[in-house]
Amino acid sequence: MSEGVAVDTRPTKIMYVAEATAHGGRDGYVTSQDGQIELKVAMPPELGGDGNGTNPEQLFAAGYSSCFHNALILVGNREGYDLTGSTVAAKVGIGPNRHRGYGLAVALSVSLPVLDPDLASKLVDAAHEVCPYSNATRGNIDVTILLG
């Protein structure tokens, strides 16, 4: 892929739609249409809240880490590698940006304990191209991937 060339990562077919509703913003609760999610949300203490609930950054970290890990397993399986024991952890940071709003930054920590570092790096790069979260955030927020 050439540097500087935009790649269209939009879906050509929608296969699934998730639905969730927020009630009360960051100090309320969220529900999913299918009833699988019903969570209290609260501002973290670092942002002036009481922290007595989850927050959107934790939910984003959970979604991104599980999605990226699945993409990693997919590309590993395509190449014939067993990624048993692998993990992906996500840290999502939030802070003010230069435009009077807020922005996010993500750090993904990938563990592939049974693979040599060069091969692990190639699979991580391939997963970063496949993962819908990576495709959605590319060029919008800083995403750092740490392999260890």
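Coordinates for the structure precede this section.
Calculation notes
Residues numbered from 1 in each chain as written. Predicted model: local features only at pLDDT ≥ 70, side-chain atom pairs only at ≥ 80, totals over all residues. Heavy atoms only, no water. Helix = DSSP H or I, 4+ residues; strand = E, 2+ residues; numbered from the N terminus. Buried < 20%, exposed > 50% of the residue type's maximum accessible area, 1.4 Å probe, protein only. Polar contact = N/O pair within 3.5 Å; in protein donor to acceptor, adjacent residues only side chain to side chain. Contact = heavy atoms within 4.5 Å. Phe/Tyr/Trp six-rings, centres within 6.5 Å; stacked < 30°, edge-to-face > 60°. Axes fitted to C-alpha atoms, helices over the stretch in contact; angles between N-to-C directions. Parallel < 35°, antiparallel > 145°, perpendicular 65-115°, else oblique. Left-handed = near helix turned anticlockwise from the far one by under 90°. Nonpolar A, V, L, I, M, F, W, Y, C, P; charged D, E, K, R; others polar. 1 Å grid on protein atoms, 1.4 Å probe; cavity = no way out; pocket = protein on both sides within 12 Å on 5 of 7 lines; lining within 4 Å. Points joined across faces, edges and corners; volume = space filled by probe spheres on them.

Asker: How would you explain the side chain of S134 if you had to name every residue and give the values?
Answerer: Here S134 shows up in helix 3 (residues 132–137). A relative accessible area of 1% means that S134 is categorised as buried. Of the polar contacts made by the side chain of S134, one reaches the side chain of Y64; its length is 2.9 Å. Looking at S134, its side chain comes within polar contact range of the side chain of H128, at 2.8 Å. Not counting residues within four places of it along the chain, the set of residues in contact with S134 comprises Y64, F68 and H128.

Asker: Can you tell me about the packing of aromatic side chains, naming the residues and giving the values?
Answerer: Going through the model one piece at a time under the given rule, you end up with three aromatic pairs. Every member of this aromatic cluster is reached through a ring pair, and the members are F60, Y64 and Y133.

Asker: Give me the packing of helix 1 (residues 56–78) against helix 2 (residues 117–130): which residues, what numbers.
Answerer: Between helix 1 and helix 2, the least distance of the axes is 8 Å, while the angle of their chain directions is 120 degrees. When the axes of helix 1 and helix 2 are compared, the pair comes out oblique. The way helix 1 lies across helix 2 gives a crossing that is right-handed. Where helix 1 abuts helix 2, its residues Y64, F68, A71, L72, L74, V75, G76 and R78 lie against L123, V124, A126, A127, H128 and V130. For the contact of helix 1 with helix 2, the class distribution of residues is eleven nonpolar, two polar and one charged.

Asker: Any chance you could break down the layout of surface pockets for me, citing the residues and the numbers?
Answerer: Space inside the largest pocket adds up to approximately 360 Å³. Of the residues contributing to the lining of the largest pocket, the split by class is six nonpolar, three polar and two charged.

From the geometry alone we can't say anything about function, so treat these as descriptive.
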